[in-house]
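Single-letter residue listing:
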Amino acid sequence: QVQLVESGGGLVQAGGSLRLSCAASGRTFSTYTMGWFRQAPGKEREFVAAIRWSGGSTAYADSVKGRFTISRDNAKNTVYLQMNSLKPEDTAVYYCAADRAMVVRTIPQRYDYWGQGTQVTVSS
């Protein structure tokens, strides 16, 4: 069992930066693939970024490539999402998720555990 708690969301102006954190409980955290997803009002949940357990393999949605960076610290049971050059269209609730499969996947239905989400609002 893994429990996930996101933090770091907030209100930021376009062009600004935020760093999201996801603290995980559970001794097997280091073996999970970790992902970030987001959901804007009236839209489906969409993939943002994911990182394999070793940190050696990552994936990003085209819309965030070059602006967002996912990383993890297995010693701290924490995964991060550094978001730079934020745009109003990045406004959404951001969710952290854990996948027991040791591969990077982009489909939310493949993930086994989810956090409650943290709101990110980017003003123009």
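Just above, that's the structure.
Quick caveat, the model's predicted, so the values are computed rather than measured. (Residues numbered from 1 in each chain as written. Predicted model: local features only at pLDDT ≥ 70, side-chain atom pairs only at ≥ 80, totals over all residues. Heavy atoms only, no water.)

**Student:** Could you give an account of the pairing of strand S1 (residues 3-7), naming the residues involved and the relevant values?
**Tutor:** Taking every second residue as pointing to the same face, the buried face of S1 carries Leu4 and Glu6, while none of Gln3, Val5 and Ser7 on the other face is buried. In this sheet, strand S3 (residues 18-25) lies alongside S1 in antiparallel orientation, the contact comprising five bridges. Bridge pairing links Glu6 to Cys22 in S3. (Buried < 20%, exposed > 50% of the residue type's maximum accessible area, 1.4 Å probe, protein only. Helix = DSSP H or I, 4+ residues; strand = E, 2+ residues; numbered from the N terminus. Pairing = 2+ DSSP bridges.)

**Student:** Help me get a handle on the packing of aromatic side chains, residues and values and all.
**Tutor:** For the structure shown, the criterion picks out six aromatic pairs. Judged by centre distance (6.4 Å) and plane angle (75°), the ring pair of Tyr95 and Trp114 falls under edge-to-face. One end of the pair, Tyr95, is in strand S9 (residues 92-99); the other, Trp114, is in strand S10 (residues 113-114), with 19 residues separating them in the sequence. Classification of Tyr95 as buried rests on a relative accessible area of 13%. (Phe/Tyr/Trp six-rings, centres within 6.5 Å; stacked < 30°, edge-to-face > 60°.)

**Student:** Describe the pattern of salt bridges, with residues and values.
**Tutor:** Under the criterion given, the structure shown has six salt bridges. Asp90 is the salt-bridge partner of Arg67, the closest N and O atoms lying 2.7 Å from each other. With Arg67 in the loop between strand S6 (58-60) and strand S7 (68-73) and Asp90 in the loop between strand S8 (78-83) and S9, this pair connects stretches of sequence that are 23 residues apart. Of the residues examined, Arg67 reaches a relative accessible area of 10% and is grouped as buried. A relative accessible area of 1% places Asp90 in the buried class. In this structure, the salt-bridge partner of Asp112 is Arg100, at a minimum N-O distance of 3.1 Å. Here Asp112, found in the loop between S9 and S10, pairs with Arg100, found in the loop between S9 and S10; they are twelve residues apart in sequence, far enough to count as distant. (Salt bridge = Lys/Arg side-chain N within 4 Å of Asp/Glu carboxyl O.)

**Student:** Just give me the short version of the side chain of Thr78, but keep the residues and values in it.
**Tutor:** Relative to the assigned elements, Thr78 resides in strand S8. Looking at Thr78, its side chain comes within polar contact range of the main-chain oxygen of Lys76, at 2.8 Å. With residues up to four places along the chain from it excluded, the contact list for Thr78 reads Ser21, Cys22, Ala23, Phe29, Arg72 and Asp73. (Polar contact = N/O pair within 3.5 Å; in protein donor to acceptor, adjacent residues only side chain to side chain. Contact = heavy atoms within 4.5 Å.)

**Student:** Describe the nonpolar core, listing the residues and the values that go with them.
**Tutor:** Core analysis: the largest hydrophobic core is formed by 36 residues, its most contacted members being Leu4, Met34, Trp36, Leu81, Met83 and Tyr94. Those elements that place two or more of their residues in this core are S3, strand S4 (33-39), strand S5 (46-51), S7, S8, S9 and strand S11 (118-123). (Core = buried A, V, L, I, M, F, W, Y, C linked by side-chain atoms within 4.5 Å.)

**Student:** If you had to explain the sheet that holds S8 to someone new, which residues and values would you point to?
**Tutor:** Taken in spatial order, the four strands of this open sheet run S1-S3-S8-S7, and their pairing is antiparallel. Edge positions in the sheet fall to S1 and S7, since each of these pairs with one other strand and no more. Along the sheet, successive strands turn relative to each other by an average axial angle of 15°, direction set aside. (Axes fitted to C-alpha atoms, helices over the stretch in contact; angles between N-to-C directions.)

**Student:** So what about unusual backbone geometry? Which residues, and what values?
**Tutor:** At Asn77, a position not held by glycine, the phi torsion is positive, near 50°. Within the secondary structure, Asn77 sits in the loop between S7 and S8. The phi dihedral of Ser85 falls on the positive side, at around 50°, and the residue is not glycine. With respect to the secondary-structure elements, Ser85 resides in the loop between S8 and S9.

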